[in-house]
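# Inside the fold
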Amino acid sequence: MDGLVRRYLEVRRQTEQLCEPLSAEDCQVQSMPDASPAKWHLAHTSWFFETFVVGGEPIAASFGYLFNSYYEALGPRHQRAARGVLTRPSLDEVRSYRRRIDDAMLAQLERGLDDGAHARTVLGLAHEEQHQELILTDVKHLFGANPIAPVYRQQQQRPASDRGAARDALGWIAQPGGIVELGAAAPGPDGEPFAFDNEIPRHQVLLRPYALASRLVTCGEYRAFIQDGGYRRPELWLSDGWAEVAASRLESPLYWRQAGSAQPGADEVFTLDGQRPLADDEPVVHVSYYEADAYARWAGARLPTEAEWEAAAGSVPRRAHDNLLESESLHPRPARPDGGGRASGGLAQVYGDAWEWTSSAYAAYPGFAPAAGALGEYNGKFMCNQQVLRGGSCATPSAHIRASYRNFFPPGARWQWSGIRLARDA
(Lines give C-alpha, C1' and ligand atoms only; values in the text may rest on other atoms or scores of the structure.)
Protein backbone atom coordinates (compact mmCIF):
# COMPACT_ATOMS: atom_id res chain seq x y z
CA MET A 1 0.00 0.00 0.00
CA ASP A 2 2.92 2.35 0.64
CA GLY A 3 3.78 2.07 -3.05
CA LEU A 4 0.26 3.05 -4.05
CA VAL A 5 0.30 6.03 -1.66
CA ARG A 6 3.58 7.19 -3.17
CA ARG A 7 2.27 6.80 -6.71
CA TYR A 8 -0.96 8.61 -5.85
CA LEU A 9 0.96 11.58 -4.46
CA GLU A 10 3.34 11.67 -7.43
CA VAL A 11 0.57 11.64 -10.03
CA ARG A 12 -1.52 14.27 -8.28
CA ARG A 13 1.53 16.48 -7.76
CA GLN A 14 2.50 16.18 -11.43
CA THR A 15 -0.92 17.46 -12.52
CA GLU A 16 -0.56 20.52 -10.28
CA GLN A 17 2.95 21.19 -11.55
CA LEU A 18 1.77 21.16 -15.17
CA CYS A 19 -0.70 23.91 -14.28
CA GLU A 20 1.78 26.09 -12.36
CA PRO A 21 2.82 28.20 -15.39
CA LEU A 22 -0.84 29.04 -16.09
CA SER A 23 -2.80 32.06 -14.91
CA ALA A 24 -6.37 31.77 -13.70
CA GLU A 25 -7.45 33.15 -17.08
CA ASP A 26 -5.40 30.49 -18.90
CA CYS A 27 -7.12 27.80 -16.83
CA GLN A 28 -10.60 29.10 -17.67
CA VAL A 29 -10.76 29.31 -21.45
CA GLN A 30 -11.81 26.57 -23.86
CA SER A 31 -10.40 27.04 -27.37
CA MET A 32 -12.56 24.47 -29.19
CA PRO A 33 -15.18 21.81 -28.35
CA ASP A 34 -12.62 18.97 -28.31
CA ALA A 35 -10.41 20.74 -25.77
CA SER A 36 -11.18 21.43 -22.12
CA PRO A 37 -10.03 24.21 -19.78
CA ALA A 38 -7.22 23.27 -17.42
CA LYS A 39 -9.53 24.10 -14.51
CA TRP A 40 -11.99 21.49 -15.73
CA HIS A 41 -9.21 18.87 -15.98
CA LEU A 42 -8.17 19.65 -12.38
CA ALA A 43 -11.74 19.21 -11.18
CA HIS A 44 -12.72 16.21 -13.33
CA THR A 45 -9.76 14.07 -12.25
CA SER A 46 -10.70 14.73 -8.61
CA TRP A 47 -14.37 14.00 -9.30
CA PHE A 48 -13.28 10.63 -10.70
CA PHE A 49 -11.70 9.61 -7.38
CA GLU A 50 -14.60 11.03 -5.38
CA THR A 51 -17.14 9.14 -7.48
CA PHE A 52 -15.45 5.78 -7.99
CA VAL A 53 -13.30 5.38 -4.85
CA VAL A 54 -14.23 7.77 -2.01
CA GLY A 55 -18.02 7.55 -2.37
CA GLY A 56 -20.40 8.84 0.28
CA GLU A 57 -22.02 12.26 0.33
CA PRO A 58 -20.49 14.44 -2.44
CA ILE A 59 -18.53 17.49 -1.37
CA ALA A 60 -20.64 19.67 -3.68
CA ALA A 61 -23.85 18.39 -5.23
CA SER A 62 -23.31 20.40 -8.42
CA PHE A 63 -19.85 18.96 -9.13
CA GLY A 64 -21.26 15.66 -10.34
CA TYR A 65 -23.17 17.57 -13.03
CA LEU A 66 -20.34 19.97 -13.90
CA PHE A 67 -17.39 17.57 -13.99
CA ASN A 68 -18.81 14.27 -15.24
CA SER A 69 -17.23 13.78 -18.65
CA TYR A 70 -19.36 11.19 -20.46
CA TYR A 71 -20.73 8.64 -17.99
CA GLU A 72 -24.38 8.29 -18.99
CA ALA A 73 -25.04 5.85 -16.13
CA LEU A 74 -24.26 8.64 -13.64
CA GLY A 75 -26.92 11.00 -14.91
CA PRO A 76 -27.06 14.30 -16.84
CA ARG A 77 -23.99 16.47 -17.20
CA HIS A 78 -22.81 19.83 -18.49
CA GLN A 79 -22.23 20.14 -22.23
CA ARG A 80 -18.69 19.32 -23.26
CA ALA A 81 -18.47 22.18 -25.76
CA ALA A 82 -19.46 24.70 -23.06
CA ARG A 83 -16.96 23.85 -20.33
CA GLY A 84 -15.29 27.21 -20.86
CA VAL A 85 -18.34 29.10 -19.54
CA LEU A 86 -17.96 27.59 -16.06
CA THR A 87 -16.45 30.65 -14.37
CA ARG A 88 -17.83 29.22 -11.11
CA PRO A 89 -16.60 27.37 -9.17
CA SER A 90 -13.43 29.44 -9.20
CA LEU A 91 -9.95 28.05 -9.72
CA ASP A 92 -9.27 28.45 -5.99
CA GLU A 93 -12.41 26.47 -5.18
CA VAL A 94 -11.37 23.71 -7.58
CA ARG A 95 -7.94 23.51 -5.97
CA SER A 96 -9.58 23.35 -2.54
CA TYR A 97 -11.77 20.53 -3.87
CA ARG A 98 -8.65 18.67 -5.01
CA ARG A 99 -7.10 18.98 -1.56
CA ARG A 100 -10.23 17.65 0.15
CA ILE A 101 -10.36 14.66 -2.22
CA ASP A 102 -6.65 14.03 -1.59
CA ASP A 103 -7.25 14.03 2.16
CA ALA A 104 -10.12 11.56 1.78
CA MET A 105 -8.15 9.32 -0.59
CA LEU A 106 -5.05 9.25 1.60
CA ALA A 107 -7.16 8.36 4.62
CA GLN A 108 -8.65 5.43 2.71
CA LEU A 109 -5.25 4.33 1.42
CA GLU A 110 -3.84 4.36 4.93
CA ARG A 111 -6.75 2.25 6.23
CA GLY A 112 -6.38 -0.19 3.35
CA LEU A 113 -8.48 -0.88 0.26
CA ASP A 114 -10.29 -3.98 -0.86
CA ASP A 115 -9.41 -5.34 -4.32
CA GLY A 116 -12.19 -3.41 -6.04
CA ALA A 117 -11.25 -0.05 -4.56
CA HIS A 118 -7.57 -0.77 -5.21
CA ALA A 119 -8.28 -1.51 -8.88
CA ARG A 120 -10.37 1.65 -9.25
CA THR A 121 -7.59 3.72 -7.65
CA VAL A 122 -5.04 2.32 -10.09
CA LEU A 123 -7.45 3.10 -12.95
CA GLY A 124 -7.96 6.61 -11.57
CA LEU A 125 -4.22 7.26 -11.62
CA ALA A 126 -3.93 6.08 -15.23
CA HIS A 127 -6.93 8.24 -16.04
CA GLU A 128 -5.25 11.28 -14.47
CA GLU A 129 -2.09 10.64 -16.49
CA GLN A 130 -4.23 10.79 -19.62
CA HIS A 131 -5.50 14.17 -18.50
CA GLN A 132 -1.97 15.39 -17.83
CA GLU A 133 -1.23 14.97 -21.53
CA LEU A 134 -4.58 16.55 -22.41
CA ILE A 135 -3.78 19.59 -20.25
CA LEU A 136 -0.69 20.19 -22.37
CA THR A 137 -2.35 19.53 -25.73
CA ASP A 138 -5.31 21.73 -24.80
CA VAL A 139 -3.13 24.57 -23.50
CA LYS A 140 -1.04 24.40 -26.66
CA HIS A 141 -4.19 24.72 -28.77
CA LEU A 142 -5.36 27.63 -26.61
CA PHE A 143 -2.06 29.48 -26.84
CA GLY A 144 -1.72 28.65 -30.52
CA ALA A 145 -5.00 30.44 -31.19
CA ASN A 146 -3.71 33.60 -29.49
CA PRO A 147 -2.18 36.10 -31.99
CA ILE A 148 0.61 37.02 -29.55
CA ALA A 149 1.72 33.34 -29.35
CA PRO A 150 2.05 33.08 -25.54
CA VAL A 151 4.88 31.04 -24.06
CA TYR A 152 3.94 28.25 -21.67
CA ARG A 153 7.50 28.18 -20.35
CA GLN A 154 10.87 29.66 -21.21
CA GLN A 155 12.41 28.65 -24.53
CA GLN A 156 14.12 25.27 -24.32
CA GLN A 157 17.26 24.67 -26.35
CA ARG A 158 17.68 21.54 -28.40
CA PRO A 159 20.10 19.12 -26.72
CA ALA A 160 23.68 19.55 -27.88
CA SER A 161 23.62 16.02 -29.31
CA ASP A 162 20.81 17.08 -31.67
CA ARG A 163 22.16 20.40 -32.88
CA GLY A 164 23.97 20.28 -36.18
CA ALA A 165 23.62 16.50 -36.50
CA ALA A 166 23.29 15.00 -39.93
CA ARG A 167 19.82 13.74 -40.68
CA ASP A 168 19.28 10.08 -39.82
CA ALA A 169 18.58 8.38 -43.14
CA LEU A 170 15.28 6.54 -43.25
CA GLY A 171 15.72 2.79 -43.47
CA TRP A 172 13.36 -0.14 -43.61
CA ILE A 173 13.33 -2.73 -40.85
CA ALA A 174 12.00 -6.09 -42.01
CA GLN A 175 9.49 -7.91 -39.82
CA PRO A 176 8.82 -11.62 -40.32
CA GLY A 177 5.07 -11.68 -39.77
CA GLY A 178 3.48 -15.00 -38.85
CA ILE A 179 1.19 -15.75 -35.93
CA VAL A 180 1.87 -13.25 -33.13
CA GLU A 181 0.42 -12.74 -29.65
CA LEU A 182 -0.90 -9.23 -29.08
CA GLY A 183 -2.61 -7.34 -26.28
CA ALA A 184 -1.93 -7.10 -22.57
CA ALA A 185 -2.29 -9.78 -19.97
CA ALA A 186 -5.42 -9.31 -17.89
CA PRO A 187 -4.72 -7.40 -14.64
CA GLY A 188 -5.10 -9.18 -11.33
CA PRO A 189 -8.10 -8.56 -9.05
CA ASP A 190 -6.38 -5.51 -7.56
CA GLY A 191 -5.90 -3.97 -11.01
CA GLU A 192 -2.17 -4.61 -11.35
CA PRO A 193 -0.17 -4.89 -13.52
CA PHE A 194 -2.36 -2.25 -15.09
CA ALA A 195 -3.86 -2.30 -18.58
CA PHE A 196 -6.98 -0.59 -19.89
CA ASP A 197 -9.84 -2.86 -20.84
CA ASN A 198 -9.36 -2.07 -24.54
CA GLU A 199 -5.89 -3.69 -24.41
CA ILE A 200 -7.28 -7.10 -23.45
CA PRO A 201 -7.78 -9.98 -23.95
CA ARG A 202 -4.47 -11.18 -25.31
CA HIS A 203 -5.07 -12.86 -28.66
CA GLN A 204 -3.41 -14.21 -31.79
CA VAL A 205 -3.11 -12.35 -35.10
CA LEU A 206 -1.73 -13.57 -38.42
CA LEU A 207 0.59 -11.06 -40.12
CA ARG A 208 2.15 -11.22 -43.55
CA PRO A 209 5.84 -10.22 -43.72
CA TYR A 210 6.22 -6.45 -43.75
CA ALA A 211 8.68 -3.64 -43.02
CA LEU A 212 8.48 -0.56 -40.84
CA ALA A 213 10.36 2.69 -41.36
CA SER A 214 13.28 2.99 -38.98
CA ARG A 215 12.11 6.38 -37.66
CA LEU A 216 9.29 8.90 -37.84
CA VAL A 217 8.69 11.08 -40.89
CA THR A 218 10.46 14.44 -40.52
CA CYS A 219 9.30 17.99 -41.13
CA GLY A 220 11.70 18.23 -44.07
CA GLU A 221 10.23 15.14 -45.68
CA TYR A 222 6.71 16.42 -45.11
CA ARG A 223 7.72 19.80 -46.54
CA ALA A 224 8.71 18.00 -49.77
CA PHE A 225 5.20 16.51 -49.89
CA ILE A 226 3.71 20.02 -49.58
CA GLN A 227 6.04 21.48 -52.22
CA ASP A 228 5.04 18.67 -54.59
CA GLY A 229 1.44 19.84 -54.35
CA GLY A 230 0.40 17.28 -51.74
CA TYR A 231 -2.54 19.37 -50.53
CA ARG A 232 -3.69 20.04 -54.12
CA ARG A 233 -3.71 16.46 -55.45
CA PRO A 234 -7.01 14.67 -54.79
CA GLU A 235 -5.62 11.31 -55.94
CA LEU A 236 -3.55 11.16 -52.74
CA TRP A 237 -6.45 11.61 -50.35
CA LEU A 238 -9.29 9.60 -48.90
CA SER A 239 -12.63 11.15 -49.82
CA ASP A 240 -13.36 12.48 -46.32
CA GLY A 241 -9.82 13.80 -46.07
CA TRP A 242 -10.06 15.66 -49.37
CA ALA A 243 -13.35 17.19 -48.21
CA GLU A 244 -11.60 18.32 -45.01
CA VAL A 245 -8.75 19.87 -47.00
CA ALA A 246 -11.27 21.87 -49.00
CA ALA A 247 -13.53 22.82 -46.10
CA SER A 248 -10.71 23.91 -43.77
CA ARG A 249 -8.35 25.12 -46.52
CA LEU A 250 -5.55 22.99 -45.17
CA GLU A 251 -2.07 23.68 -46.53
CA SER A 252 0.24 22.37 -43.80
CA PRO A 253 0.23 20.73 -40.34
CA LEU A 254 -1.35 22.53 -37.43
CA TYR A 255 0.98 25.14 -35.85
CA TRP A 256 3.18 25.58 -38.94
CA ARG A 257 3.52 29.31 -39.58
CA GLN A 258 4.62 31.33 -42.58
CA ALA A 259 7.09 34.01 -41.46
CA GLY A 260 8.93 35.14 -44.56
CA SER A 261 9.50 32.27 -46.95
CA ALA A 262 7.75 32.20 -50.29
CA GLN A 263 7.97 28.41 -50.40
CA PRO A 264 4.80 26.38 -49.73
CA GLY A 265 4.63 25.01 -46.21
CA ALA A 266 6.10 27.14 -43.45
CA ASP A 267 9.35 28.26 -41.91
CA GLU A 268 8.28 28.54 -38.27
CA VAL A 269 6.35 26.36 -35.87
CA PHE A 270 4.44 27.20 -32.71
CA THR A 271 5.45 25.19 -29.64
CA LEU A 272 4.84 25.40 -25.90
CA ASP A 273 8.18 27.25 -25.80
CA GLY A 274 6.77 29.81 -28.21
CA GLN A 275 7.45 30.38 -31.89
CA ARG A 276 10.64 28.78 -33.23
CA PRO A 277 12.24 28.02 -36.61
CA LEU A 278 10.92 24.88 -38.22
CA ALA A 279 13.63 22.20 -38.08
CA ASP A 280 13.66 19.81 -41.03
CA ASP A 281 15.16 16.97 -38.99
CA GLU A 282 12.46 16.94 -36.30
CA PRO A 283 9.45 14.62 -36.61
CA VAL A 284 6.38 16.18 -38.16
CA VAL A 285 3.49 16.32 -35.68
CA HIS A 286 -0.05 17.67 -35.41
CA VAL A 287 -1.17 15.95 -38.59
CA SER A 288 -4.50 14.18 -38.96
CA TYR A 289 -4.98 10.58 -40.02
CA TYR A 290 -6.03 11.95 -43.40
CA GLU A 291 -2.76 13.86 -43.76
CA ALA A 292 -0.72 10.86 -42.58
CA ASP A 293 -2.46 8.57 -45.04
CA ALA A 294 -2.03 11.02 -47.93
CA TYR A 295 1.66 11.45 -47.15
CA ALA A 296 2.17 7.68 -47.01
CA ARG A 297 0.51 7.26 -50.42
CA TRP A 298 2.66 10.05 -51.87
CA ALA A 299 5.78 8.35 -50.46
CA GLY A 300 4.87 5.02 -52.08
CA ALA A 301 4.18 3.40 -48.74
CA ARG A 302 1.29 2.98 -46.29
CA LEU A 303 0.54 3.32 -42.59
CA PRO A 304 1.12 0.28 -40.38
CA THR A 305 -1.74 -1.64 -38.86
CA GLU A 306 -1.81 -1.54 -35.07
CA ALA A 307 -1.02 -5.28 -35.02
CA GLU A 308 2.09 -4.69 -37.15
CA TRP A 309 3.16 -1.83 -34.90
CA GLU A 310 2.72 -3.78 -31.67
CA ALA A 311 4.40 -6.92 -32.99
CA ALA A 312 7.48 -4.87 -33.91
CA ALA A 313 7.43 -2.68 -30.79
CA GLY A 314 7.12 -5.61 -28.41
CA SER A 315 10.84 -6.39 -28.77
CA VAL A 316 11.94 -2.76 -28.38
CA PRO A 317 12.96 -1.94 -24.79
CA ARG A 318 12.04 1.29 -23.09
CA ARG A 319 15.08 3.55 -22.74
CA ALA A 320 16.02 6.43 -20.49
CA HIS A 321 16.38 8.80 -23.46
CA ASP A 322 12.88 8.14 -24.85
CA ASN A 323 11.32 11.56 -25.40
CA LEU A 324 8.31 11.38 -23.08
CA LEU A 325 6.92 13.91 -20.58
CA GLU A 326 9.77 13.44 -18.09
CA SER A 327 12.34 14.57 -20.68
CA GLU A 328 10.69 18.02 -20.40
CA SER A 329 11.26 18.79 -24.07
CA LEU A 330 7.50 19.01 -24.82
CA HIS A 331 8.52 18.87 -28.48
CA PRO A 332 9.65 16.01 -30.75
CA ARG A 333 13.38 15.44 -31.16
CA PRO A 334 15.28 14.18 -34.21
CA ALA A 335 16.26 10.55 -34.47
CA ARG A 336 20.00 10.42 -33.73
CA PRO A 337 22.28 9.18 -36.54
CA ASP A 338 24.87 7.84 -34.08
CA GLY A 339 22.64 4.88 -33.27
CA GLY A 340 21.74 6.23 -29.85
CA GLY A 341 18.13 6.60 -30.88
CA ARG A 342 17.84 3.04 -32.13
CA ALA A 343 16.99 -0.19 -30.39
CA SER A 344 18.57 -3.51 -31.26
CA GLY A 345 15.82 -4.12 -33.81
CA GLY A 346 16.73 -0.94 -35.69
CA LEU A 347 13.57 0.99 -34.81
CA ALA A 348 14.00 4.50 -33.40
CA GLN A 349 11.44 6.78 -31.73
CA VAL A 350 9.10 3.90 -30.85
CA TYR A 351 8.11 5.40 -27.49
CA GLY A 352 7.61 9.13 -27.22
CA ASP A 353 8.09 12.03 -29.64
CA ALA A 354 4.80 11.50 -31.50
CA TRP A 355 1.71 9.34 -31.43
CA GLU A 356 1.85 7.24 -34.58
CA TRP A 357 -1.27 6.93 -36.69
CA THR A 358 -2.12 3.38 -37.73
CA SER A 359 -4.47 2.27 -40.48
CA SER A 360 -6.55 0.34 -37.94
CA ALA A 361 -10.02 1.39 -36.93
CA TYR A 362 -10.55 1.39 -33.18
CA ALA A 363 -12.48 -1.80 -32.50
CA ALA A 364 -12.82 -4.43 -29.80
CA TYR A 365 -10.38 -7.31 -29.54
CA PRO A 366 -11.88 -10.81 -29.83
CA GLY A 367 -13.53 -11.65 -26.52
CA PHE A 368 -13.66 -8.04 -25.27
CA ALA A 369 -16.41 -7.30 -22.76
CA PRO A 370 -16.85 -3.92 -21.04
CA ALA A 371 -16.90 -3.83 -17.26
CA ALA A 372 -20.21 -3.72 -15.46
CA GLY A 373 -21.56 -0.35 -14.36
CA ALA A 374 -20.48 3.17 -15.28
CA LEU A 375 -16.79 2.27 -15.68
CA GLY A 376 -17.77 0.04 -18.58
CA GLU A 377 -18.25 3.29 -20.52
CA TYR A 378 -14.55 4.18 -20.19
CA ASN A 379 -13.42 2.83 -23.59
CA GLY A 380 -15.85 0.45 -25.20
CA LYS A 381 -18.54 2.89 -26.28
CA PHE A 382 -16.04 4.87 -28.37
CA MET A 383 -15.24 1.94 -30.68
CA CYS A 384 -16.69 3.64 -33.75
CA ASN A 385 -15.38 6.26 -36.21
CA GLN A 386 -11.94 6.43 -34.54
CA GLN A 387 -8.43 5.45 -35.63
CA VAL A 388 -5.83 3.85 -33.36
CA LEU A 389 -2.54 5.59 -32.56
CA ARG A 390 0.44 3.94 -30.88
CA GLY A 391 3.67 4.79 -29.09
CA GLY A 392 3.10 7.87 -26.95
CA SER A 393 4.28 11.45 -27.46
CA CYS A 394 6.62 14.00 -25.94
CA ALA A 395 3.79 14.83 -23.50
CA THR A 396 2.92 11.27 -22.40
CA PRO A 397 3.98 10.31 -18.85
CA SER A 398 6.59 7.56 -19.07
CA ALA A 399 4.79 5.32 -16.56
CA HIS A 400 1.70 5.49 -18.74
CA ILE A 401 2.95 3.97 -21.99
CA ARG A 402 3.62 0.37 -23.10
CA ALA A 403 3.64 -1.65 -26.32
CA SER A 404 0.01 -2.70 -25.92
CA TYR A 405 -1.36 0.82 -25.24
CA ARG A 406 -4.13 1.87 -27.66
CA ASN A 407 -4.84 5.56 -28.09
CA PHE A 408 -7.68 6.60 -30.38
CA PHE A 409 -8.97 9.78 -32.01
CA PRO A 410 -11.25 10.73 -34.90
CA PRO A 411 -9.36 10.76 -38.22
CA GLY A 412 -9.55 14.54 -38.53
CA ALA A 413 -7.95 15.28 -35.13
CA ARG A 414 -4.77 17.37 -35.31
CA TRP A 415 -4.29 18.99 -31.89
CA GLN A 416 -2.52 15.95 -30.41
CA TRP A 417 1.21 15.37 -30.99
CA SER A 418 0.36 12.89 -33.78
CA GLY A 419 2.92 11.88 -36.39
CA ILE A 420 3.76 9.34 -39.06
CA ARG A 421 5.70 6.09 -39.30
CA LEU A 422 5.59 4.41 -42.71
CA ALA A 423 5.11 0.76 -43.46
CA ARG A 424 5.19 -1.38 -46.59
CA ASP A 425 4.62 -4.96 -47.61
CA ALA A 426 7.68 -7.19 -47.78
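This text gives an overview of the structure that appears in the document. These numbers come from a predicted model, not from an experiment.

Moving on, we come to the overall build of the protein. Summing up its helical and strand segments, the protein has 10 helices and 12 strands in all. The C-alpha radius of gyration of the protein comes to 22 Å, within 12% of the 22 Å expected for a compact globule of 426 residues. Each of the three principal axes of the protein carries a C-alpha extent, and together these read 60 × 55 × 45 Å. Sorting the 426 residues of the protein into buried and exposed places 56% on the buried side. Of the contacts formed within the protein by residues at least 6 apart in sequence, a portion of 79% connects residues at least 24 apart. Approximately 17,800 Å² of the protein is accessible, and the part contributed by carbon and sulfur atoms is 52%. On the protein, the mean spot of the 43 positive side-chain charges and the mean spot of the 53 negative ones are 3 Å from each other.

This part covers the side chain of Glu-50. Along the chain, Glu-50 falls in helix α3 (residues 38-54). Arg-100 provides the closest opposite charge to the buried, salt-bridge-free Glu-50, at an N-O distance of 7.7 Å. Those residues in contact with Glu-50 that lie beyond four places of it in its chain are Gly-55, Glu-57, Pro-58, Ile-59, Tyr-97 and Ile-101.

Let us now look at the sheet that holds strand β8 (residues 355-361). If you trace the 4 strands from one edge of the open sheet to the other, you get β10-β9-β8-β11, paired in mixed fashion. Edge positions in the sheet fall to β10 (407-409) and β11 (418-419), since each of these pairs with one other strand and no more. Where β8 and β11 come together, 2 bridges link them in parallel fashion. Bridge assignment links Trp-355 to a residue of β11, and that residue is Ser-418.

Counted at 1.5 Å a residue, the expected span for helix α6 (residues 115-144) with its 30 residues is 44 Å, and the 44 Å between its end C-alpha atoms agrees. Summarising burial for α6: 24 of the 30 residues are buried, a large majority. Where α6 begins, one side-chain oxygen reaches toward the backbone nitrogen of Gly-116, 3.2 Å away; that side chain belongs to Asp-114.

The subject of this paragraph is the packing of aromatic side chains. Inspection of every chain in the model, using the stated rule, returns 31 aromatic pairs. Their ring planes at 45° and their centres at 5.5 Å tell us that Tyr-231 and Trp-237 sit as a pair that is tilted. Per residue, the accessibility class of Tyr-231 equals that of Trp-237, and both read buried. Geometrically, the ring pair formed by Tyr-295 and Trp-298 is tilted, given 5.4 Å between the ring centres and 45° between the ring planes. Here Trp-298 and Tyr-295 lie together in helix α9 (residues 289-298), a separation of 3 residues that amounts to about one turn. Positioned above the aromatic ring of Tyr-351 is the side chain of Arg-318, whose terminal nitrogen or guanidinium carbon lies 5.7 Å from the ring centre. One cation-aromatic arrangement involves Arg-406 over Tyr-365; the distance from NZ or CZ to the ring centre is 4.1 Å.

Turning to its location among the elements, Asp-240 is positioned in helix α8 (residues 239-248). With 89 residues separating them along the chain, Asp-240 and Val-151 place their C-alpha atoms 34 Å apart.

At a minimum axis distance of 10 Å, the contact between helix α1 (residues 2-19) and α3 shows a crossing angle of 165°. Taken as axis vectors, α1 and α3 run roughly antiparallel relative to one another. Crossing angle aside, the handedness with which α1 passes α3 is left-handed. Residue-level contacts link Tyr-8, Arg-12, Thr-15, Glu-16 and Cys-19 of α1 to Ala-38, Leu-42, Thr-45, Ser-46 and Phe-49 of α3. Class assignment of the residues belonging to the contact of α1 with α3 gives a composition of 5 nonpolar, 3 polar and 2 charged.

Moving on: the sheet that holds strand β12 (residues 423-425). The 3 strands lie next to each other as β1-β4-β12, forming an open sheet whose pairing is antiparallel. Only two strands of the sheet have a single partner each, and these edge strands are β1 (172-175) and β12. Strand-to-strand twist across the sheet, computed as the mean angle between neighbouring axes with direction ignored, equals 25°. As judged from the 3 bridges shared by strand β4 (residues 210-213) and β12, these two strands associate in the antiparallel manner. What sits directly across from Tyr-210, in β12, is Asp-425. Sitting on the sheet, helix α10 (residues 306-313) touches β1, β4 and β12, and the angle it makes with β4 is about 75°.

Another point: the pairing of strand β6 (residues 268-271). In terms of strand pairing, strand β5 (residues 256-257) meets β6 through 2 bridges, oriented antiparallel. When the bridges of β6 are listed, Arg-257 appears paired with Glu-268. Across 4 bridges, the pairing between β6 and strand β7 (residues 274-277) is antiparallel. Bridge assignment links Phe-270 to a residue of β7, and that residue is Gln-275.

Let us now look at the state of the cysteines. In this structure the tally under the stated criterion is 0 disulfides. Free cysteine: Cys-19, not disulfide-bonded; nearest cysteine sulfur from Cys-27 at 5.2 Å. With relative accessibility at 0%, the residue Cys-19 sits in the buried group.

Cut-offs and rules
- Counting restarts for each chain, with residues numbered from 1 along the sequence as it is written.
- Selection of residues for local features in this predicted model requires a pLDDT of at least 70, selection of side-chain atom pairs for listing and counting requires 80 or more, and totals for whole chains, interfaces and linings are taken over all residues.
- As a rule here, side-chain values cover all heavy atoms of the structure and leave hydrogens and water aside.
- We count a stretch as a helix when DSSP gives it H or I for four or more residues in a row; a strand needs E for two or more, and each element gets its number in order from the N terminus.
- All radius of gyration figures rest on C-alpha atoms, and the globule criterion is 2.2 Å times the number of residues raised to 0.38.
- Burial classification: accessible surface area is computed with a 1.4 Å probe over protein chains only, and a residue below 20% of its type maximum counts as buried, one above 50% as exposed, and the rest as partly exposed.
- Should any heavy atoms of two residues lie within 4.5 Å, those residues are considered in contact.
- To be clear on the numbers: accessible area is Shrake-Rupley with a 1.4 Å probe, and residue cover counts the displayed protein chains and nothing else.
- Working convention for charge: Lys and Arg count positive, Asp and Glu count negative, and His plus the chain ends are omitted.
- Think of each charge as sitting on NZ of Lys, CZ of Arg, CG of Asp or CD of Glu.
- Within this document, salt bridges are pairs made up of a side-chain nitrogen of Lys or Arg and a carboxyl oxygen of Asp or Glu, the two lying within 4 Å of each other.
- Should DSSP find at least two bridges between two strands, the strands are taken to pair.
- The span you would expect from a helix comes to 1.5 Å times its residue count less one.
- Nitrogen and oxygen atoms within 3.5 Å of one another constitute a polar contact, given that in protein one can donate a hydrogen and the other can accept it, and given that sequence-neighbouring residues count only through two side-chain atoms.
- Within 6.5 Å between ring centres, the rings of Phe, Tyr and Trp (the latter by its six-membered ring) count as paired, and their orientation is classed by plane angle as stacked under 30 degrees, edge-to-face over 60, tilted in between.
- Geometrically, a lysine NZ or arginine CZ counts as sitting over a ring once it is within 6 Å of the ring centre and also within 35 degrees of the ring normal.
- Axis definition: a line fit to C-alpha positions, over the contact stretch in the case of helices; interaxial angles, taken between N-to-C directions, run 0 to 180 degrees.
- Roughly parallel here means an angle under 35 degrees, roughly antiparallel means over 145, roughly perpendicular means 65 to 115, and every remaining angle is called oblique.
- Left-handed is the label given to a crossing in which the near helix is rotated counterclockwise from the far helix by less than a right angle, and right-handed is the label when the rotation is clockwise.
- Residue classes follow a fixed rule: Ala, Val, Leu, Ile, Met, Phe, Trp, Tyr, Cys and Pro count as nonpolar, while Asp, Glu, Lys and Arg count as charged, and any other residue, Gly among them, counts as polar.
- We call a pair of cysteine sulfur atoms a disulfide when they lie within 2.5 Å.

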